[in-house]
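# Structural characterization, general
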Amino acid sequence: MPERRPSALVLHPDVSIRAELGWALGARDMASVSAADGASGLALLLEELLALDALVVKLDLPGRDARAFADLVRRAGGEQELAIVVLASDPSPSLRDELAALGVDEVVDPRLGPGTVADAVIAAVWRRRSGAGAGTRAPRSQRRLRETEGLDTFSTAA
């Protein structure tokens, strides 16, 4: 059985940035869904969690920021396979350390462009995949995943 196409949830209030990231991820053979705020992002995360490989979230997303999403995914949800990439302009070393302590895989300055962000997302997914097995959950390939083939390369909620 062929491996399914990886997918990401992109959470950013700016529709043009969501679109650019969706296209950049699609060009790297990664599907994406997106939302503009924390509430719709949380709904999508809960709906798509087992089909997702990455969460890309703006640091200060309205309604639920990146810290809250990282805490929810890692601590409350116990999810260790989902790569988390935070978009933060000019991130300081202390911010990077704080987010790493929450389980964030990568902090990327979105001003570097959608291609750089997409490359960081792909790299974070592959690092998570290669490090899989340390947790108590079965690898995604052994869990029942719903089919993602009907998922558009880029779709939005909100």
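Data block above holds the structure.
Below is a summary of the structure that appears in this document. Note that the structure is a prediction, hence the values are computed from the model and not measured. (Residues numbered from 1 in each chain as written. Predicted model: local features only at pLDDT ≥ 70, side-chain atom pairs only at ≥ 80, totals over all residues. Heavy atoms only, no water.)

## Examining the overall build of the chain
To keep things clear, this is the line we draw: Secondary structure is summarised from DSSP: a helix means a run of H or I of at least four residues, a strand means a run of E of at least two, and numbering begins at the N terminus for each. Only protein chains enter the accessibility calculation, which uses a 1.4 Å probe. A residue is then buried if its area is under 20% of the maximum for its type, exposed if over 50%, and partly exposed in between. Residues count as neighbours in contact if any of their non-hydrogen atoms are within 4.5 Å of one another. The Shrake-Rupley method, run with a 1.4 Å probe, gives the accessible areas here. Residue values count only the displayed protein chains as cover.
Secondary structure assignment for the chain yields five helices and six strands. Traced from its N-terminal end to its C-terminal end, the chain shows the element sequence β-α-β-α-β-α-β-α-β-α-β. Burial status across the chain gives 45% buried among its 158 residues. Across the chain, contacts joining residues at least 24 apart in sequence account for 69% of those joining residues at least 6 apart. When the accessible surface of the chain is summed, it comes to about 7,800 Å², and 54% of that surface belongs to carbon and sulfur atoms.

## Thoughts on the pattern of salt bridges
Spelled out, the test is: Salt bridge, as used here: a side-chain nitrogen of Lys or Arg that lies within 4 Å of a carboxyl oxygen of Asp or Glu.
This structure, assessed with the given rule, holds twelve salt bridges. Among the ionic pairs, Arg 4 bridges to Asp 53, the shortest N-O distance being 3.0 Å. In this pair, Arg 4 is assigned in the segment before β1 (7-11) and Asp 53 in the loop between α2 (38-48) and β3 (54-58), connecting sequence segments 49 residues apart. Between Asp 119 and Arg 28 there is a salt bridge, with the nearest N and O atoms lying 2.6 Å from each other. Linking Asp 119 in helix α5 (residues 114-130) with Arg 28 in the loop between α1 (15-27) and β2 (31-35), this pair joins segments that are 91 residues apart in sequence. The exposure class of Asp 119 is partly exposed, given its relative accessible area of 43%. Residues joined in a network through salt bridges with shared partners are Arg 4, Asp 53 and Arg 129.

## Observations concerning the packing of α1 against α5
So the rule is basically this: Between the N-to-C directions of two axes lies an angle of 0 to 180 degrees, each axis being a line fitted to C-alpha atoms and, for a helix, fitted only over the stretch in contact. An angle below 35 degrees is read as roughly parallel, one above 145 as roughly antiparallel, one from 65 to 115 as roughly perpendicular, and any other as oblique. Note on convention: near helix rotated counterclockwise from far helix by under a right angle means a left-handed crossing. Clockwise means right-handed. All residues other than Ala, Val, Leu, Ile, Met, Phe, Trp, Tyr, Cys, Pro, Asp, Glu, Lys and Arg, Gly among them, are scored as polar; the first ten of these are nonpolar and the last four charged.
Contact geometry for α1 and α5: axes closest at 9 Å, N-to-C directions at 55°. Comparing the axis directions of α1 and α5 gives the class oblique. Remark: the crossing between α1 and α5 carries right-handed chirality. Two secondary-structure elements touch here, α1 through Glu 20, Leu 21, Ala 24 and Leu 25 and α5 through Pro 114, Gly 115, Val 117, Ala 118 and Val 121. Per-class residue counts for the contact of α1 with α5 are seven nonpolar, one polar and one charged.

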